[in-house]
Amino acid sequence: MTILKLSQQSKTALLISRHLMPLFISAVVAGLSSIGMFVLMFYPAQNRFNQVTSDVQSAQQVLNQTRVAQQTQEIISTTWMALSNYREFMDLSLDIAELAKQNHVTIPGMGYDFKPLSHKLSAKGTLEFEAHGDYEAIRKFIYKLEKRWPYLFIEKLSVEGSKKRNGVLFKMTVSTFLKEFPQHLKKSKV
């Protein structure tokens, strides 16, 4: 109808409309093809972007886990190097006795024991002894014992008044982990 109205108005308008109609149709086709191309390119690109984002996040998680594992491995390696073997553990009893003497504490004797652990990678060494002395001296001794050997743990500690001497009697059980289990040694007194 609009073409009829234009043709009735002037021949120039009809001529222009004939030439503009193909241009209008090609503009509509170009617009539709642009929309089609956008849809055909955008959604696959969006899916690829989401996949790449997911892959990057997974890679970052793996990287963080790897870093934590490396730090843990370094800590374990440092701790493992700090642990003593059973020969050094035997010398530890002499060092503890010397520390006690320096703090005016008497240790009449020590017993030791080695126990294998369930994972078979290391062993547990235990020292049992009594310490006689003034309460203040024993308190200093225990403080220095824990400070000097950070991998030596006090498992049991009991105290009672000493009847033979002035002061107190501490019964202590200390232990540490060892790098190896001595196969030929059994429980004995030092």
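Residues numbered from 1 in each chain as written. Predicted model: local features only at pLDDT ≥ 70, side-chain atom pairs only at ≥ 80, totals over all residues. Heavy atoms only, no water.

Peer 1: So what's going on with helix α2 (residues 11-82)? Which residues, and what values?
Peer 2: Compared with the 106 Å implied by 1.5 Å per residue over 72 residues, the 104 Å span of α2 between its first and last C-alpha is a close match. At Leu20, α2 is deflected by roughly 30 degrees, the largest bend along its length, and proline Pro22 occurs up to four residues later in sequence. (Helix = DSSP H or I, 4+ residues; strand = E, 2+ residues; numbered from the N terminus. Expected span 1.5 Å × (residues − 1). Bend = angle between axes of the 7 residues up to and from the residue.)

Peer 1: Tell me about the nonpolar core, residues and numbers included.
Peer 2: Counting 27 residues, the largest nonpolar core has Ile96, Ile107, Leu127, Phe129, Phe141, Leu145 and Met172 as its most contacted members. Once you skip the residues sitting within four places of it in the chain, Ile107 turns out to touch Ile96, Ala97, Ala100, Phe129, Glu130, Ala131 and Phe141. (Core = buried A, V, L, I, M, F, W, Y, C linked by side-chain atoms within 4.5 Å. Buried < 20%, exposed > 50% of the residue type's maximum accessible area, 1.4 Å probe, protein only. Contact = heavy atoms within 4.5 Å.)

Peer 1: Can you lay out the packing of aromatic side chains for me, pointing to particular residues and giving the numbers?
Peer 2: All told, the structure shown has six aromatic pairs when counted by the stated rule. Centroid distance Phe38 to Phe42: 5.1 Å. Interplanar angle 15 degrees. Geometry classified as stacked. With Phe38 and Phe42 both in helix α2 and four residues apart, this pair spans about one turn of that helix. The exposure class of Phe42 is partly exposed, given its relative accessible area of 33%. Seen from their ring centres, Phe42 and Tyr43 are 5.2 Å apart, and the 75 degrees between their planes marks the pair as edge-to-face. An aromatic cluster of three or more residues is present, and its members are Phe38, Phe42 and Tyr43. (Phe/Tyr/Trp six-rings, centres within 6.5 Å; stacked < 30°, edge-to-face > 60°.)

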